[in-house]
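# Structural features, examined
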Amino acid sequence: MKTNYDVIVIGGGPAGMAAAIEADKKGAQVALVERNEELGGILNQCIHPGFGLKYFKEELTGPEYAQRLINELEKTKVEVFLSSMVLEINHLENGNHLVSFINEEGRLSLETKAIVLAMGCRERTRGEIKIPGARVAGVYTAGLAQRYINMDNLKPGTRFVILGSGDIGLIMARRLSLEGMKVEGVYELMPYANGLFRNIKNCLEDFGIPLHLSTTVTRVIGKDRVEAVEVTKVDENLQPIDGTQEIIPCDTLLLSIGLIPENEISSKAGVALNPATNGAIVDDNFETSVKGIFSCGNVLHVHDLADNVTQEAEKTGRNAASYALGETKEAEAKLQVSANFPIGYTVPSTTQKNQNASIYFRVRKPIEEAEMVITSGDKEIFRGKPRSYKPSIMECQMVPAKLLENATDEITLSLEMKESA
Amino acid sequence: MKQYDLIIIGGGISGCAIARELSAYQLRVAVLEKNLDVATGTTKANGGIVHGGDDPQPGTLKAKLNVRGVELYPEYAKQLGFKYRETGSMVVGFNEEDLKYLEKLLDNGIKNGVKDIELVKDPKRIREIEPQCSKDAKYAVYCPHCGIVDPFEVAIAMCENAVENGVDFYLGEPVTKIEKKDNLFEITTPKDTYQCTYVIDAAGLHADDVARLAGIDEYNIIARHGDLLMLDKECGVKNLMPLYPIPSPESKGTVALSTLAGNVIVSATAVYREKDDTDSYADGIAQLIAGATKLVNGLNTRKVIRTFAGERAVCENNNNDFWIKPSATCENWFHVAGIQSPGVASAPALAEYVLNMLKENGVPFEKKENWNPIHKEPIDFSELSSEAQDKLIHEEPSYGKIVCRCETVTEGEIVAAIHRNPQATTVEAVKRRTRAGMGRCQSGFCQSKVVHILSRELGIPVEEVRLESKDSWLLAGEVKEGVTK
């Protein structure tokens, strides 16, 4: 059995498959390790349409989108290990890495020059937002409920309240309605919806499901199974307003309250994480703080579209292959990238002077109108057109190499708010 | 009707400890537990500390059993194959008033016979003992022999060893009626009737209610509720020894410690509430976060993965002490009640004490010749060496299938847990035995898999799989009938 590779990709969702395909195209010897029995990752349970508009220029369901990548992958020489769970990554003296995983054959270790981390993300839970009340059955993350319905053909409840207006929650509201389960309403802590506009329209409005903003679940009520939830309006500091409590009878509470990159293996391997994204700190090649380890997709930062994941992963796969094949040039002059509130983070954290830069970011609150201003030291090097920014949309700011010529050793992204009239 | 010499009502840590102790003797013993698993009441929701023994008032029964429990735990852990770690603990003071309290506590501890207890007055030494203790700590009472366990793991190990030695456990059988006929008790549950000579009432929060079913009305149990928090393994703190604030008369206050698995647990508030109220309360959670922040340096309290709550059974007008004694009005009925903190720490000593009490009250005891005190600990895949993991998978490929990715729990471990005796029949019972679902995703990824494995192994439809209690249903049936493979 072959035990030496140029690139090992961990994760077989849209990010992992795209990275593996591109690394293979560059001539690298690639293995892909996936923990589930099949490729596709979370796309397999996303049976709704809306995928691929950007990347394949047509509308696909999640499994269709995954199948396109699986078909591409099958044309390559990439070796795929399914039902295989990576337990650890160790670093060897020769600069290579050892990826250890288990499957039903035993415990295996493969040596590789480069690794692409593409493990995706997980959902935030009840515990993380500390919803008080009873410890009963019937509190599910939206993704688990989606799995029960779409993969297992099982109903996780009959009468639902959804907390959080993230995309998964909105899509589940529609899915539950279509399958004859009752959705009492979607409740959102923030004064604005968190999901994509098209999902608010298609998943709630079209089904007459009310969206209650600035309202949260303050108590789970029930003895063995959820019997009701208490919802309460919150003030501008997101604190519950006493006296506004309302009891909503239901048997299930679905939580769609955010996603968190799953970086257990990364941090064990010594990869430095960015507290703002919970993903790795990467440079413009998507290389992490550990030489030869790259990261892309939702394990790096949470994307809103699989299409963006795929494109980011393609670049990362090519970069990992270049590194493994010894084609990477040392960066000439690194630029530190930072951002000011309300920009929450940037990916990458560094870029290079002699190249065009694509800087991904998200805002922490909706901005009606602002200009993107990029400065270096006390010099302004770029100013964008006034426009709006939304937390639900991952933005990409292109910065041509020409503009970076005047930069010192850092650039800072800021949004200059227009005073609303 | 099933016949026994002795029946224990209640399968919490006390009931399980007593069952295991009595399993050494030629006595037909059964345990009746109302829930679908043992260790589902107070036992599953507490800090898991084998407290040093400095806190209880000298002269009380719980002072005696606590200190004796600390002595017994290491050997118990070896025999029964549960994890136990001696960590030491500190009660931390910040000012001169606290020092007065700590001096009294030291005196208390010495009177209770706590070994090697020490009053530390040098802040530098406090940080040597526990580098993660608050930088503001000036004084501390240090108990080097305090330890930690997973209390449900202890109870399950005791239960399983009792079963291996002939004790019968009946789960999901709440006692509904008790009659005494011709010196024999007849105990009714929804499934059966049980006849026995002796009853040990270890029914926790409901011990008084159970006694009243038999017409015994000698004490009252009230419920002291406590909120608890579980933090992620990555929360800025590692291997934190139990740190206590200056205690109040009601509670030892907010205690923070690392669990055996490496999470941090913050335990517990103390508010009298209705029995069986295991809700979490927002003010309790806030109090715990404030308390832990004061005690521990560098703890990231945003990393909470679960809030939960438990209730301690407090015997009214009993000076906060345990209520372990023969009934004054009903011969051959024994109370094991009011087992509040330190119930976990005392459990092995409590069993020993109950055995002696039974002997003194004429229960005949004869040693079993073939009693086996050794319980084999279940396989914990994540703790094995790489070679041992590989070997195990070759022997049984299901150990190569990860079900719970957060805690690295394999299908092999889950199947083994389900088929232990007694069987794990619920999602939470599997979790208590394997840690599947205890990690940071809180079963978001593995619950569906665990439900399907339970369904397959127990031969029941997935809709009948329960989270914990009999009515804690998870699934309401098929989405589209007739399409499931």
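Counting restarts for each chain, with residues numbered from 1 along the sequence as it is written. Chain letters and ligand numbers both follow the written order, the letters beginning at A and the numbers at 1. Side-chain atom pairs in this predicted model are given and counted only at pLDDT of 80 or more, local residue features only at pLDDT of at least 70, and totals for whole chains, interfaces and linings cover all residues.

### Thoughts on the overall build of chain A
The condition is simple: Helix and strand assignments follow DSSP, with helices taken as H or I runs no shorter than four residues and strands as E runs no shorter than two, numbered in order from the N terminus. Based on C-alpha atoms, the radius of gyration is set beside the globule rule, defined as 2.2 Å times the residue count to the power 0.38. The exposure scheme places C-beta atoms from the backbone and then counts, for each residue, the other C-beta atoms within 10 Å of its own, assigning buried at 20 or more, exposed at 12 or fewer, and partly exposed in between.
The helix and strand inventory of chain A stands at nine helices and 30 strands. The C-alpha atoms of chain A give a radius of gyration of 23 Å, which matches the 22 Å a tight globule of 421 residues would have. The principal-axis extents of the C-alpha atoms in chain A amount to approximately 65 × 60 × 40 Å. Taken across its 421 residues, chain A has 50% of its residues classed as buried.

### Description of the overall build of chain B
The secondary structure content of chain B amounts to 12 helices and 24 strands. Here chain B has a C-alpha radius of gyration of 23 Å; the compact-globule value for 485 residues is 23 Å, and the two agree. Projected onto its principal axes, the C-alpha coordinates of chain B cover approximately 65 × 60 × 45 Å. Relative to its 485 residues, chain B shows a buried fraction of 58%.

### Topic: the interface of chain B and chain A
Basically, it comes down to this: Note on contacts: residues are paired as contacts if their backbone-placed C-beta atoms lie within 7 Å. Note on residue classes: Ala, Val, Leu, Ile, Met, Phe, Trp, Tyr, Cys and Pro are nonpolar, Asp, Glu, Lys and Arg are charged, and everything else, Gly too, is polar.
The interface is formed by 43 residues belonging to chain B together with 39 residues belonging to chain A. Taken together, the elements giving at least two residues each to the side of chain B that touches chain A come down to α7 (282-295), β20 (304-315), α9 (386-395) and α12 (447-458) of chain B. The residue inventory of the side of chain B that touches chain A, partitioned by class, reads 19 nonpolar, 16 polar and eight charged.

### Focus: the domain arrangement of chain B
The condition that has to hold: Source of the domain bounds: an automatic or database domain assignment.
When the domains of chain B are assigned, the result is domain 1 (2-43 + 151-220 + 318-360), domain 2 (84-146 + 222-312) and domain 3 (381-484). For domain 2 of chain B versus domain 3 of chain B, the distance between C-alpha centres works out to 33 Å.

### Here we look at the sheet that holds strand β22 (residues 333-337) of chain B
Residues and elements named next belong to chain B. Note the threshold: Here the rule is simple: two strands pair whenever DSSP picks up at least two bridges between them. Whenever a helix is involved, its axis is fitted only over the stretch in contact; in every case the axis is a line through C-alpha atoms, and angles between N-to-C directions fall within 0 to 180 degrees.
Spatial ordering of the open sheet is given by β10-β3-β2-β14-β22-β21, a layout of six strands whose pairing is mixed. Single-partner strands in this sheet number two, and they are β10 (168-170) and β21 (323-326). The average undirected angle you get between the axes of adjacent strands in this sheet is 15°. Strand direction decides the pairing type here: strand β2 (residues 6-9) and strand β14 (residues 198-201), joined by four bridges, are parallel. Bridging across to β14, I8 finds its partner in I200. Contacting β14, β21 and β22, helix α8 (residues 343-360) runs over the sheet at an angle of about 20° to β21.

### Details of the nonpolar core
Keep this limit in mind: We call a set of buried Ala, Val, Leu, Ile, Met, Phe, Trp, Tyr and Cys residues a nonpolar core when their C-beta atoms link them within 7 Å.
Membership of the largest hydrophobic core comes to 268 residues, with the highest contact counts inside it found for V7 of chain A together with L243 of chain B. In contact with L243 of chain B, other than residues within four places in its own chain, are M90, V92, E130, C133, V255, A256, L257, L295 and V296 of chain B. I359, M372, Y389 and I411 of chain A belong to the second largest nonpolar core, which has 17 residues in total.

### So, the domain arrangement of chain A
Each assigned domain of chain A is listed with its residue range as follows: domain 1 (4-122 + 260-324), domain 2 (125-257) and domain 3 (334-417). Taken over C-alpha atoms, the centre of domain 2 of chain A sits 35 Å from the centre of domain 3 of chain A.

### Quick notes on the confidence of the model for chain B
Condition: Known as pLDDT, the predictor's confidence for each residue is given on a scale from 0 to 100.
On average, residues of chain B score 96 in pLDDT, and 99% of them are at 70 or above. Taken over the whole predicted complex, pTM reads 0.96, whereas the ipTM for its chain interfaces reads 0.95.

### Description of the environment of S382 of chain B
All names here are of chain B. Note on placement: S382 falls in the loop between α8 and α9. In this structure, the C-alpha to C-alpha distance between S382 and T410, residues 28 residues apart in sequence, is 8.8 Å. Ignoring any residue separated from it by four or fewer positions in sequence, one finds S382 in contact with E407 and T408.

### A closer look at unusual backbone geometry
The step from F341 of chain A to P342 of chain A runs through a cis peptide bond, and the omega angle for that step is 10°. For P342 of chain A, the location among the structural elements is in the loop between β22 (334-339) and β23 (343-347). Cis peptide bonds are those with omega within 30 degrees of zero, and the linkage from V347 of chain A to P348 of chain A qualifies with 5°. For N278 of chain A, which is not glycine, the phi dihedral falls at a positive 65°. On the secondary structure map, N278 of chain A appears in the loop between β19 (273-274) and β20 (279-280). Residue classification places N278 of chain A among the partly exposed residues on the basis of 18 C-beta atoms within 10 Å. For Q442 of chain B, which is not a glycine, the phi torsion comes out positive at approximately 55°. For Q442 of chain B, the location among the structural elements is in the loop between α11 (427-434) and α12.

### Here we look at the pairing of strand β8 (residues 139-143) of chain B
All names here are of chain B. Summarising burial for β8: five of the five residues are buried, a large majority. Residues Y139, V141 and C143 line one face of β8 and the alternating positions A140 and Y142 line the opposite face, and both faces are buried. Taken together, the five bridges between strand β6 (residues 89-93) and β8 define a ladder with antiparallel strand orientation. Of the residues in β8, the one forming a bridge with V92 is A140. One ladder, built from three bridges, connects strand β7 (residues 118-120) with β8; its direction is antiparallel. Bridged to E118 within β8 is Y142.

### A word on the sheet that holds strand β4 (residues 49-50) of chain B
The three strands lie next to each other as β4-β9-β5 (chain B), forming an open sheet whose pairing is antiparallel. Of all strands in the sheet, those bounded by a partner on one side alone are β4 and β5 (84-86) of chain B.

### What about α11 of chain B?
Residues and elements named next belong to chain B. For α11, the buried fraction is high: eight of the eight residues fall into the buried class. Within α11, burial applies to V427, E428, A429, V430, K431, R432, R433 and T434. Packed against the buried residues of α11 are α5 (151-164), β24 (409-410), α10 (411-418) and α12. Just downstream of α11 lies R435, where phi reads positive at about 75°.

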